[in-house]
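Summary of the model geometry
Here is how the chains run, residue by residue.
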There are 2 protein chains.
Amino acid sequence: MCLKDEIASFMKSMIVTHRYRGAVIGISGGIDSAVVGALTVQAIGKEKVLGLLLPERDSAPETLKDSLMICDYLGIDRIVKPITGILRSVGVYRLQPPALFIPRKIQEKYVRNKLKAMTKDDIFLQDLRNNGDQTFLKGLAYYRAKHRVRMVCLYLEAEKRNFAVVGASNHTEALTGFYVKWGDDSADIEPILHLYKTQVYQLAQELGIPEKIRTKAPSPDLIPGITDEDVLGISYTELDSILMKIEGGQDLSGMEPEKIQRVKQILEAAEKRNLRNLSLGKLGN
Amino acid sequence: MCLKDEIASFMKSMIVTHRYRGAVIGISGGIDSAVVGALTVQAIGKEKVLGLLLPERDSAPETLKDSLMICDYLGIDRIVKPITGILRSVGVYRLQPPALFIPRKIQEKYVRNKLKAMTKDDIFLQDLRNNGDQTFLKGLAYYRAKHRVRMVCLYLEAEKRNFAVVGASNHTEALTGFYVKWGDDSADIEPILHLYKTQVYQLAQELGIPEKIRTKAPSPDLIPGITDEDVLGISYTELDSILMKIEGGQDLSGMEPEKIQRVKQILEAAEKRNLRNLSLGKLGN
């Protein structure tokens, strides 16, 4: 059985066994949720799949457009629910100055420069360790609340219908801690959690995901102007090839020592992110 | 080492190892968070503990009063952040009719009668299975969003300070699925997750938790007038004694067959609640 059929059949069996009546997916405009959308449609039919689009103040302008295009492409129903008002009542935007009259391009440039000014290699490591000054910590609280609020909204729509929340986490993100704990990592079914990011790209091609989605630079879309690879400090191709070797217990000679070092640092720092519900009992981590 | 010292020492070591600068606890006015508060104070000192009080439209009037009393008793700083506005913007209250001019006592009576009118044994089982008609499902989405929004608020305050979120889940809740997935079950450290509810009561006495808190009927405080034991359909004493025997592989003869049946039904239905991130990979459930 080919990969997509295997995943679709797994999803169908989970949905049937646990008596879900359908599935809700957060569509972000990115490749992961597009792939998951296509797999879910294959598994249970487009009539039972609901796309939820959850843009906010800082979302890129193309996010909504791309997400709508994906839903149209998949032929699924969708709800657009802007979460700006929710984030405002939670107090999230108070943590970062508003950028009301500043053009998007300038915001993005400002953020990129600020990012570069910080010790380049350290920004993601500091993030993984929750380590930094007051401004940095506020930034962490700020962006993470967004994905958590999205999770709340996904479950609200799903539970009203007894639908499953289908997540779009991949193996590369899970290993490197490149996700928000209790945010985008929290779902009922995770169909691509065993796939590296580069495998998700291959699958996207097989599934016929529109080229625009497959070729845009992956971004968490949480802070203007920042791409995944900016944050990770390494390309997905390099990252995955090193991760695969490390996971497979294979020899790393031949790989760039600097890149190996980067990946090892990330894996070590990701331990904190990956901890949850630390306890003395057998139900703990 | 006695139980409370063992837990406090575990907590201290987790907080030091993972370089948290303190701890945030959601104080609900109930016994579990009061016990966790006392343990955390013992572990790291009251100056490093922050209590977060998150009342909403449907919270019992004594919730806030009791929670403030607990914070005073523990000597910890606290923030009161009503979440009614957040829940309104999420759309939670639209799922249940407002009760603006209806006195609390009548609301509570109404809910209790409605609960009794439903097949008594089935309300919690239906909940665990996400199974029921449209009104019932809306009720599930409604109450669960509250604990998830609380989790968002706890993490916002914690991450700004690099504090750990300390949860108050106990072993009885975890086994029976008596929690909100990605809500009150989601924390960094869970100091009492290995203790049955009846053990939490014993510990509360040892810790000197005020009698008012130890003697009030435990309630999820999510829907007016409903206590834990109403929902569970069995007392904690009976529930724990059966759970302990089942977990210990001990003989159940001598226990009431009806009660055993109830517990077994709950455990079976709780499987769905306890599932998370179902995937094909090794990182899944």
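Preceding block: the structure.
Reference entry: report on the structure contained in this document. (Residues numbered from 1 in each chain as written. Chains lettered and ligands numbered in written order. Predicted model: local features only at pLDDT ≥ 70, side-chain atom pairs only at ≥ 80, totals over all residues. Heavy atoms only, no water.)

With an RMSD of 0.0 Å, the operation that places chain A on chain B is a rotation of 180° combined with a shift of 0.0 Å along the axis. Such a turn and shift between the copies fits a two-fold axis. Minimal C-alpha distance to the rotation axis in chain A is attained by isoleucine 86 of chain A, lying at 2.9 Å. Of the residues that chain A buries at the interface, 100% are likewise interface residues in chain B, meaning the two copies contact each other through the same surface. (Least-squares fit on C-alpha atoms with pLDDT ≥ 70 in both. Contact = heavy atoms within 4.5 Å.)

On to the packing of aromatic side chains, then. The description of an aromatic ring pair rests on the distance of the ring centres and on the angle between the ring planes. On inspection of all chains with the given rule, the structure shows three aromatic pairs over all chains. Aromatic side chains tryptophan 182 of chain A and tryptophan 182 of chain B sit 6.0 Å apart centroid to centroid with 45° between the ring planes, which places their arrangement in the tilted category. Here tryptophan 182 of chain B lies in the loop between helix 8 (171-176) and helix 9 (197-207) and tryptophan 182 of chain A lies in the loop between helix 8 (171-176) and helix 9 (197-207), a pairing that spans two chains. Residue tryptophan 182 of chain B is classed as buried on the basis of its relative accessible area of 2%. Across the ring face of tryptophan 182 of chain A, the terminal group of arginine 276 of chain A is positioned such that the distance to the ring centre comes to 5.0 Å. (Phe/Tyr/Trp six-rings, centres within 6.5 Å; stacked < 30°, edge-to-face > 60°. Helix = DSSP H or I, 4+ residues; strand = E, 2+ residues; numbered from the N terminus. Buried < 20%, exposed > 50% of the residue type's maximum accessible area, 1.4 Å probe, protein only. Lys NZ or Arg CZ within 6 Å of the ring centre and 35° of its normal.)

What follows covers the pairing of strand 2 (residues 49-53) of chain A. Residues and elements named next belong to chain A. Burial analysis of strand 2 places five of its five residues in the buried class, which makes it a mostly covered element. Neither face of strand 2 is open: one carries Val49, Gly51 and Leu53, the other Leu50 and Leu52, and all of them are buried. Crossover connection from strand 1 (residues 23-26) via helix 2 (residues 31-44) to parallel strand 2: handedness right-handed. Bridging between strand 2 and strand 3 (residues 77-80) involves four bridges; their strand directions are parallel. By the bridge assignment for strand 3, leucine 53 is matched with valine 80. Between strand 2 and its parallel partner strand 3, the chain crosses via helix 3 (residues 61-74), and the hand of that crossover is right-handed. (Right-handed = clockwise from strand over helix to strand, strands pointing away. Pairing = 2+ DSSP bridges.)

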